[in-house]
Amino acid sequence: MLEIRNVHKSFQGNEVLKGVSLSVRQGDVVVILGPSGSGKTTLLRSLNFLERADEGTLDWEELHLDLSKASRREVAQIRKKISFVFQNYNLFRNKTALENVMEGLTVARKVPKREAEGIARKALAKVGLSERCDYYPGQLSGGQQQRVGIARAVAVKPDIVLFDEPTSALDPELIGGVLGVIKELAKEGTTMVIVTHEMKFAEEVANRVVFMDGGVVVEEGSPGEIFRAPKEERTRQFLRRIIRDYDYVI
């Protein structure tokens, strides 16, 4: 479905991505792990052109793009196929949950308002917020706001949903509800790329795990391979620091 090759990105002379390649097939749930500063979020943002890569290519069906030179029309084509769920929700504070979900449909997709409302209500029901359609973000918990963000992402029926540490801004007691929604999307066959530090969740939901460090992919494989028998010492070091049960990692 999607393949990126040799992606480079620097910020003020600091090279954050150093030739990263990644493929995503239809139905994949790819989880990207790594320490802070490893380039995970920058890679995710480059996939959706929220950051413009300095170098690299993207292939999707008939599209072959130079990530550094893609035109506005080509970027718009990719953004219609890929939705993004942000760490900090990125909701319009002056719009209700329903209006936030409708925005991407009416503005970007030009869906008629009445049709968009029906789609948005179904999306909010999918994430368990049917009774909160008319609430503003300030009236919702962090977990509920993130679920609105997920509803907004899936309402436009993207081919891939990107999640950038979707639980990092949440209180611990709210994390389970958001992860539960993502697990349901995975069961439905939604193609996803997820940056997360939730290790147990990653093992349960992913069919491929990618470990990044220092702007490169160190290792990738199935959850069993990465969590139970990682090949690289750097991967083992990272997992031992994150997972207190040392028997969990060989």
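The structure this text deals with has already been given above.
Residues numbered from 1 in each chain as written. Predicted model: local features only at pLDDT ≥ 70, side-chain atom pairs only at ≥ 80, totals over all residues. Heavy atoms only, no water.

**Here's the deal with the sheet that holds strand β6 (residues 82-85)**
If you walk across this open sheet you meet the six strands as β6-β7-β8-β3-β9-β10, and the pairing is mixed. The sheet is open, and its two borders are formed by β6 and β10 (216-221), each paired with just one other strand. Ignoring which end each strand starts from, the neighbouring axes of this sheet average 20 degrees apart. Across four bridges, β6 lies against strand β7 (residues 160-164) in parallel orientation. In the sheet register, F84 faces β7, and the bridge partner there is L162. Contacts between helix α2 (residues 72-81) and the sheet are confined to β6 and β7, with β6 contributing the most and set at about 70 degrees to the helix. The sheet contacts of helix α9 (residues 233-242) involve β3 (29-33), β9 (208-213) and β10, and relative to β9 the element is tilted by about 95 degrees. (Pairing = 2+ DSSP bridges. Helix = DSSP H or I, 4+ residues; strand = E, 2+ residues; numbered from the N terminus. Axes fitted to C-alpha atoms, helices over the stretch in contact; angles between N-to-C directions. Contact = heavy atoms within 4.5 Å.)

**Observations concerning the packing of helix α3 (residues 97-108) against helix α4 (residues 113-126)**
One can describe the packing of α3 onto α4 by two numbers: an axis separation of 8 Å at closest approach and a directional angle of 125 degrees. Our classification of the angle between α3 and α4 gives oblique. Note that α3 runs across α4; the crossing there is right-handed. Taking contact as the criterion, the partners of A97, L98, V101, M102, L105 and T106 in α3 are, on α4, K113, A116, E117, I119, A120, R121, A123 and L124. (Parallel < 35°, antiparallel > 145°, perpendicular 65-115°, else oblique. Left-handed = near helix turned anticlockwise from the far one by under 90°.)

From the geometry alone we can't say anything about function, so treat these as descriptive.
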